[in-house]
Amino acid sequence: MLTSNNNHPERGSELSFENTEIAFRHTSNTALKRAWWLFKFININFFVKAGPPLTNFALKIRLPIKGIIRATIFKQFCGGETITECNDTIKNLNEGGVGTILDYSVEGEDEEHIFDETCDEIIRTIQRANGDKAIPLTVFKITGVGRFALLEKLDAKQPLTETDQHEWEKVQARVKAICDKAFSLNIPVMIDAEESWIQQTIDTLALDMMRTCNRDKAIVYNTYQLYRHDKLASLKHDHALAVAEGFYLGAKLVRGAYMEKERKCAAEKGYTSPIQITKQATDADYNEALHFCIANIEKVAFVAGTHNEDSCRILADLLDTHKVDHNHPHVYFSQLLGMSDNLSFNLANSQYNVAKYVPYGPVEAVLPYLFRRAQENTAIAGQMSRELSLITKEKKRRGI
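Conventions and cut-offs
- Residues numbered from 1 in each chain as written.
- Predicted model: local features only at pLDDT ≥ 70, side-chain atom pairs only at ≥ 80, totals over all residues.
- Heavy atoms only, no water.
- 1 Å grid on protein atoms, 1.4 Å probe; cavity = no way out; pocket = protein on both sides within 12 Å on 5 of 7 lines; lining within 4 Å.
- Points joined across faces, edges and corners; volume = space filled by probe spheres on them.
- Helix = DSSP H or I, 4+ residues; strand = E, 2+ residues; numbered from the N terminus.
- Nonpolar A, V, L, I, M, F, W, Y, C, P; charged D, E, K, R; others polar.
- Axes fitted to C-alpha atoms, helices over the stretch in contact; angles between N-to-C directions.
- Parallel < 35°, antiparallel > 145°, perpendicular 65-115°, else oblique.
- Left-handed = near helix turned anticlockwise from the far one by under 90°.
- Contact = heavy atoms within 4.5 Å.
- Pairing = 2+ DSSP bridges.
- pLDDT = per-residue confidence, 0-100.
- Core = buried A, V, L, I, M, F, W, Y, C linked by side-chain atoms within 4.5 Å.
- Buried < 20%, exposed > 50% of the residue type's maximum accessible area, 1.4 Å probe, protein only.
- Phe/Tyr/Trp six-rings, centres within 6.5 Å; stacked < 30°, edge-to-face > 60°.
- Right-handed = clockwise from strand over helix to strand, strands pointing away.

### Some points on the layout of surface pockets
Roughly 630 Å³ of volume is contained in the second largest pocket. Lining the second largest pocket we find 30 residues, and of these R34, K75, Q76, T89 and N92 sit closest to its centre. Breaking the lining of the second largest pocket down by element, the ones donating at least two residues are α2 (29-42), α5 (73-77), α6 (87-95), α15 (341-349) and α17 (383-398). Among the elements that take part in the lining of the second largest pocket, α2 stands out by supplying five residues, more than any other. Here the residues of the lining of the second largest pocket are counted per class, giving 12 nonpolar, 10 polar and eight charged.

Structure representation (structure tokens):
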């Protein structure tokens, strides 16, 4: 069973996302000041756009900037370069009642030996979670263990060469090895969503793994990006399939991570964009997905991955309305390390299950993840200003 870490006797107060004392209780004065400067910097659009090419160029010509990156953006959003280096972050989050999702964030690789190494590392995150309630969930990306272009070919239903077929069999074997390890150790594992032009292949793999691993409880979770106009229907379809075939549906609900890329690709190739026309439509589908999952809580286990306060409030209220325990094993809230601590720690304070994504990996390898975080977040109206205002409020409360 998934279990809650929220056993502290002082918890259970009225849920408020404005309580900065609880939100930053785990944050030292030094870390709070560093976060304040970092979010001020990220809030300047020019630096976010110019930062990636400048940083990549500096690394290419071997300028000594790795230490600066590690001490700033990496320290804010990542747990470390190795699982062991994440231990302090795991402990710190757990003291606030928040679980850790170790996320090995190396991406964009193409070589078979690296896919094998990544598979082994993901299995190590599952082994690290075994017996530790501070790590209630694990995660991986299919493109971490398989070549993007091969997945594109599969999604487009193009014929595979003999070499392609052999390569695809190895991808499937890696995914099976990860899910089998999760099943044998009783550790839930989430499969992240990716670009729409490889997602059908990912969805098929995820459902195949659920058929095998989710007979008695939800071990394997697929991810539904609700900024796509077809994904609420996918969620409902997959639930009906799970009921008909006798397995539990594991679902991670997110808004999405590739909006600009999706729209650009659709425009260039002349097909209808899968992205919702308005943010309001995305919000409506996301919140309806929360209602659907709660209404089917007996057979659906889900993780609400969101930095949206309204959605967090809606889900918290739904649990109360349906008389579902705050720490029901089928319901988790989730946010990213370094962001929205006002949501994570205040939810945990009110006895809800919460876990933060804790990315880790070599600094240079994690840079694409970090740049995407910065670029996505500046596209979210008011998100950085919200982070800044909360940190500023807590700085004033502390008098620092």
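### A short note on the packing of helix α9 (residues 162-185) against helix α10 (residues 196-213)
It is the contact of α9 with α10, at a shortest axis distance of 11 Å, that shows an interaxial angle of 40°. Considering the angle they form, α9 stands oblique to α10. The two elements α9 and α10 cross, and the hand of that crossing is right-handed. Of the residues in α10, those touching α9 at W168, Q172, V175, K176, C179 and F183 are T201, L205, M209 and C213. In terms of residue class, the contact of α9 with α10 is made up of seven nonpolar, two polar and one charged.

### Some points on the sheet that holds strand β5 (residues 249-254)
An order of β1-β2-β3-β4-β5-β6-β7-β8 is seen for the eight strands of this closed barrel, with the pairing classed as parallel. Sheet twist, expressed as the average angle between the axes of neighbouring strands with direction ignored, equals 30°. Pairing between strand β1 (residues 99-104) and strand β2 (residues 137-140): two bridges, direction parallel. Across the sheet, L102 pairs through a bridge with T138, a residue of β2. On top of the sheet, helix α7 (residues 112-129) reaches β1, β2 and β8 (354-360); it is set at about 175° to β2, its chief contact.

### Comments concerning the confidence of the model for the chain
For the chain, the average pLDDT comes to 90, and 88% of its residues sit at 70 or higher. Here residues 1-12 is a poorly scored stretch, pLDDT under 50, and it has 41 contacts once near neighbours within four places are set aside; other chains count.

### Let's talk about empty space enclosed by the protein
One pass over the full model with this rule turns up one cavity of 30 Å³ or more. When its volume is computed, the largest cavity comes out at roughly 80 Å³. Lining the largest cavity are D103, Y104, V106, T118, I122, V139, F140, K141 and G144. Mapped by element, the contributors of at least two residues to the lining of the largest cavity are β1, α7 and β2. When its residues are assigned to classes, the lining of the largest cavity shows five nonpolar, two polar and two charged.

### So, the nonpolar core
Among the nonpolar cores identified, the biggest contains 80 residues, and L235, L253 and F302 are the most heavily contacted of them. When residues in this core are grouped by element, the largest group, nine residues, is from α10. Apart from residues no more than four positions distant in its own chain, F302 is found in contact with Y221, A251, L253, L290, C293, I294, I297, L315, H330, V331 and Y332. Within the second largest apolar cluster, 36 residues are counted, among which are F77, Y221, Y357 and F371.

### Considerations on the packing of aromatic side chains
In this structure the tally under the stated criterion is four aromatic pairs. Ring geometry for W36 and W37: centres 4.9 Å apart, planes at 85°, overall edge-to-face. For W36, a relative accessible area of 18% translates into the label buried. Classification of W37 as exposed rests on a relative accessible area of 59%. An angle of 45° between the planes, with centres 5.3 Å apart, marks the rings of Y104 and Y360 as tilted. Of this pair, Y104 sits in strand β1 while Y360 sits in strand β8; the two residues are 256 residues apart in sequence, bridging distant segments of the chain. Residue classification places Y104 among the partly exposed residues on the basis of a relative accessible area of 21%. Exposure remark for Y360: the relative accessible area of 0% places this residue in the buried category.

### Some thoughts on the pairing of strand β7 (residues 331-336)
Taken across its six residues, β7 has six buried, putting it largely inside the fold. Here strand β6 (residues 300-305) pairs with β7 via four bridges, running parallel. Along β7, the bridge assignment pairs A304 with F333. Once the chain exits β6 it traverses helix α14 (residues 309-321) before rejoining the sheet at β7, and the crossover so formed is right-handed. Across four bridges, the pairing between β7 and β8 is parallel. Within β8, the residue paired with Q335 across the bridge is K356. As for the winding sense of the linkage, the β-α-β connection from β7 through α15 to β8 is right-handed.

### Examining unusual backbone geometry
If you check the backbone angles, K323 has positive phi at about 55° while not being a glycine. Non-glycine residue S340 carries a positive phi angle of around 55°. Following the sequence through the fold, S340 ends up in the loop between β7 and α15.

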